[in-house]
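Descriptive structure summary
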Amino acid sequence: MRIGIMGGTFDPVHIGHLLAAESARESAGLDEVWFMPTCVPPHKRSAPAADARHRLRMVELAIQGHPDFRACPLEIEKGGTSYTYETVRLLKERHPEDEFYYIIGADMVQYLPNWAKIGELAQQIRFIGLRRPGYEWNPGELPEWIARAVIPADMPQIGVSSTEIRRMLAQGRSLRYVLPEAVRLYVKEQGLYAS
Ligand SMILES: Nc1ncnc2c1ncn2[C@@H]1O[C@H](COP(=O)(O)OP(=O)(O)OP(=O)(O)O)[C@@H](O)[C@H]1O
Ligand SMILES: O=C(O)c1ccc[n+]([C@@H]2O[C@H](COP(=O)([O-])O)[C@@H](O)[C@H]2O)c1
């Protein structure tokens, strides 16, 4: 199978993540997309606001009903900092028959040169890089050997981020249609991100 890994902090998961995964699935002809919440994200300055259990549950709620989307708790179960090169090594060991792709938004494409062991990773896996408002990226800006590992893909442009959503939630603003409805209700019921 051709499997896309949609890695993220998902604090919380939002429609930008879902559309990115669906657009990557269609454009690269993926059989499945596995949503993989990080335990400790490698590059973020502060720890996630919601704990890993909640972030995984929100992902499960967000993707329910999609026949080809799965939630993968591998990084959360492993614990510690979620370096992608370690995750990819594990996935390849456990699923030698499958072909993996790593789905990322344009902000992460620009940041690829800073990923841990990017030299090894770029040999092991190809990235599907999606356009994202505010993060134009030009393949010429990346080292050639990294650009070669990135398959550019388009998606309906959604200018939302988890940071902005947390800010809006803390202010008591409406997140209807920005969060999947089941996630919106879960956030409310669990009192997540309240100020
Ligand atoms: N609106 C969006 N359009 C395209 N890609 C996105 C969008 N939001 C997030 N992504 C991508 O999804 C992956 C996971 O992102 P993450 O969970 O950090 O969400 P985020 O909205 O960027 O969060 P934060 O604001 O906390 O940085 C990353 O590869 C990121 O580039
Ligand atoms: O391995 C790394 O060095 C690395 C650096 C930055 C991001 N990543 C991965 O990229 C995905 C998106 O990251 P984030 O922090 O934007 O949610 C997530 O799966 C991270 O583990 C990985």
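Below: a short report on this structure. (Residues numbered from 1 in each chain as written. Chains lettered and ligands numbered in written order. Predicted model: local features only at pLDDT ≥ 70, side-chain atom pairs only at ≥ 80, totals over all residues.)

Things to note about the site of ligand 1
Near ligand 1 there are 18 residues, and of these Gly8, Gly16, Gly105, Ser162 and Thr163 occur at the shortest range. Mapped by element, the contributors of at least two residues to the shell around ligand 1 are helix H1 (15-28), strand S4 (99-105), helix H5 (106-111) and helix H8 (162-170). Among the elements that line the shell around ligand 1, the one with the most residues is H1, at 3 residues. Split into classes, the residues belonging to the shell around ligand 1 amount to 7 nonpolar, 8 polar and 3 charged. (Near = placed C-beta within 6 Å. Helix = DSSP H or I, 4+ residues; strand = E, 2+ residues; numbered from the N terminus. Nonpolar A, V, L, I, M, F, W, Y, C, P; charged D, E, K, R; others polar.)

Notes on H1
With 14 residues, H1 extends 20 Å between its outermost C-alpha atoms, agreeing within 8% with the 20 Å of an ideal straight helix rising 1.5 Å per residue. Immediately downstream of H1, the backbone of Gly29 shows phi near 60°, a positive value. (Expected span 1.5 Å × (residues − 1).)

As for the site of ligand 2
Near ligand 2 there are 15 residues, and of these Gly7, Thr9, Thr84, Trp115 and Ala116 occur at the shortest range. Those elements that place two or more of their residues in the shell around ligand 2 are strand S1 (2-8) and helix H4 (84-94). Class assignment for the residues of the shell around ligand 2 results in 7 nonpolar, 7 polar and 1 charged.

Quick look at unusual backbone geometry
As a rule of thumb, non-glycine residues mostly have phi less than zero, and peptide bonds are mostly trans rather than cis. Backbone torsion omega between Asp11 and Pro12 reads 5°, so that peptide bond is classified as cis. When you line up the elements, Pro12 lands in the loop between S1 and H1. The backbone phi angle of Tyr177 is positive, close to 75°, even though this residue is not glycine. Along the chain, the position of Tyr177 falls in the loop between H8 and helix H9 (181-190). The phi dihedral of Tyr193 falls on the positive side, at around 65°, and the residue is not glycine. Position of Tyr193 among the secondary structure elements: in the segment after H9.

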